[in-house]
Amino acid sequence: MNIKQNKNQNRIIAIIGLGYVGLPLIIKFLNSKKYNVIGIDNDKNKINDLKKGRSYISHILHKEAKFIRDNALNLSDNYNLIEKANVIIFTLPTPITKNKDPDMSYISSALKSAKNFFKKNQLVILESTVYPGATADYFLPIFKEKNFIVGKNIFLGYSPEREDPGNKNFNISNIVKLVSGYTNKCLSKCEQIYSSINIKTKKVSSIKTAEITKLYENIFRSVNIGLVNEMKLISDKMNLDIHEIIEAAKTKPFGFKAFYPGPGLGGHCIPIDPYLLTWKAKQYDLHTKFVELSGDINNSMPSFVIGKIGDTLNSLKKNFSKSIILIIGVAYKKNINDTRESPSIKIIESLYAKGSKILYHDDYVKKINIKVPKKKFSLRKKNHTLRSVKLDKQTLKKVDLVCIVSDHDYIDYKLIKDYSRIIVDCRGRFRHKKNLVRA
């Protein structure tokens, strides 16, 4: 184990999980110059990229990756490093299964690797989005196994991440951090560690309160996006412009908050979190009708887009199987390179299943792997790799239809407007255009 020494040697933070949450957290701790930081991740490719000063996240610059490389005590997949740490922060994904139950495998696997290296008086914090009670369910049995007493010789906190990748206005430095602890002493230590690096904190009374607050924040968005998506479906049937309706409603100075429709939800939070709470609520014999309904509406939007594309092709006297379709944007939202749960992928796979030839353009995502029908390529092949094509007038002229799914700001929309045969616009980028279809 090759750990560099410096004056902060007795103040070491170990961050487990070097993704969209872990990397900004490492940078924040390093910038404070108050702590040494160890970064741990099971993905050796991430570790190798960081050691070469390369960022694998679009909104984190290469110079920031080099800063991490040059200032971190260690970057590794070796969990025994946490034995040197005073504070251990877990920033791991928590997806859902095909049955929409919580998939806690990332946390469970990390704890299995870490448990032999926990030591007395460490502060252990979970930042992952989880169902209410999960922190206690997964951490307390391990502490009990090691004969630790939480609040006396080991300290447990929960502080849910509030990252919004690509958001230029809000980041870890100016977003209030919710903090909670298993005991009052745990809470005090959890609050201190974040406030010491100039993050404003808000204490809540229990870990369960913090866990459900995080879910509530994201479900609030899911429900309102579900509402505006349903309004879009209604407006479409009535031949009304949902974007004009939203802009008009925004003029009311109270009682309204604008949300915008889209082709479906993506990312690691909004499409998943309603089901985490729904799963837990069932244990209390509660049926979360409203929460589930928003998820169902949002999950149906890629099918609505496919229907719009089909109707548009019919208007051109073409069908799916004889059409070339250009998808603009495959990241789940604009200005980032994250494709998790992206509606673009679902749309592309559906179009492939219908026999369409698909091109896509996204400078943030150079290639994607998609599931395709076996007959499309070979009996052996279940996945197919697509690579981003150049967006120019030659490409636009050779396709039958352009569908804007993720509206990155760098894209030349005038070029699309001028040279596309017909446009299916899922993001409201165009207001008035002859060859435009809203989806």
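What counts and what doesn't
Residues numbered from 1 in each chain as written. Predicted model: local features only at pLDDT ≥ 70, side-chain atom pairs only at ≥ 80, totals over all residues. Heavy atoms only, no water. Pairing = 2+ DSSP bridges. Helix = DSSP H or I, 4+ residues; strand = E, 2+ residues; numbered from the N terminus. Axes fitted to C-alpha atoms, helices over the stretch in contact; angles between N-to-C directions. 1 Å grid on protein atoms, 1.4 Å probe; cavity = no way out; pocket = protein on both sides within 12 Å on 5 of 7 lines; lining within 4 Å. Points joined across faces, edges and corners; volume = space filled by probe spheres on them. Nonpolar A, V, L, I, M, F, W, Y, C, P; charged D, E, K, R; others polar. Buried < 20%, exposed > 50% of the residue type's maximum accessible area, 1.4 Å probe, protein only. Contact = heavy atoms within 4.5 Å. Salt bridge = Lys/Arg side-chain N within 4 Å of Asp/Glu carboxyl O.

Enquirer: Sorry if this is basic, but what is going on with the sheet that holds strand 13 (residues 401–404) here?
Expert: Within a sheet, adjacent strands bond to each other through the backbone by hydrogen bonds, running parallel or antiparallel. Here five strands make up an open sheet; going across it, the order is 10-9-13-14-15 and the pairing parallel. At either margin of the open sheet sits one strand with a lone partner, and together these are strand 10 (357–361) and strand 15 (436–438). Adjacent strand axes in the sheet meet at a mean angle of 20°, parallel and antiparallel pairs treated alike. Summarising the sheet, strand 9 (residues 324–328) and strand 13 pair through four bridges and their orientation is parallel. Looking at the pairing, leucine 326 lines up with valine 402 of strand 13.

Enquirer: I tried to follow the layout of surface pockets on my own but got confused; where do I start?
Expert: Over the atoms, a rolling probe the size of a water molecule traces out where space has been left empty. Taken as a whole, the second largest pocket spans an internal volume of roughly 500 Å³. Considering the residues around the second largest pocket, the lining is formed by 21 residues, among which His59, Ile60, Glu64, Asn167 and Asn171 are closest to the centre. Broken down by element, the lining of the second largest pocket gets its largest block of residues, four residues, from helix 1 (residues 22–32). Grouping the constituent residues of the lining of the second largest pocket by class yields seven nonpolar, eight polar and six charged.

Enquirer: What is the right way to read the environment of alanine 14 from this model?
Expert: Checked against the element boundaries, alanine 14 lands in strand 1 (residues 12–16). Exposure remark for alanine 14: the relative accessible area of 0% places this residue in the buried category. Beyond its immediate chain neighbours, meaning those up to four positions away, alanine 14 contacts Ile38, Ile82, Ala85, Val87, Ile88 and Ile89.

Enquirer: Could you clarify how one ought to interpret helix 9 (residues 273–282) in this entry?
Expert: Each α-helix winds once per 3.6 residues, and so residues spaced three or four apart point in a common direction. The element helix 9 is largely enclosed, with a buried count of eight among its 10 residues. Where helix 9 is concerned, the buried positions are Asp273, Pro274, Tyr275, Leu276, Leu277, Thr278, Lys280 and Ala281. In this structure, the buried side of helix 9 is in contact with helix 7 (207–237) and helix 10 (289–315).

Enquirer: Quick question: what am I supposed to make of the pattern of salt bridges here?
Expert: For side chains bearing opposite charge, pairing can occur when the charged atoms are close. Following the criterion strictly, the structure yields 18 salt bridges and no others. Here aspartate 77 makes a salt bridge to lysine 44, at a shortest N to O gap of 3.8 Å. Here aspartate 77, found in the loop between strand 3 (74–76) and strand 4 (87–90), pairs with lysine 44, found in helix 2 (residues 44–51); they are 33 residues apart in sequence, far enough to count as distant. One salt bridge in this structure joins lysine 115 and glutamate 145, with 3.4 Å as the shortest N-O distance. Placement of the pair is lysine 115 in the loop between helix 4 (105–114) and strand 5 (123–126) and glutamate 145 in helix 5 (residues 134–145), with a sequence separation of 30 residues. Judged by its relative accessible area of 51%, glutamate 145 is exposed. Taken together, the shared-partner salt bridges in this structure form one network comprising Lys334, Asp407, Asp409 and Arg429.

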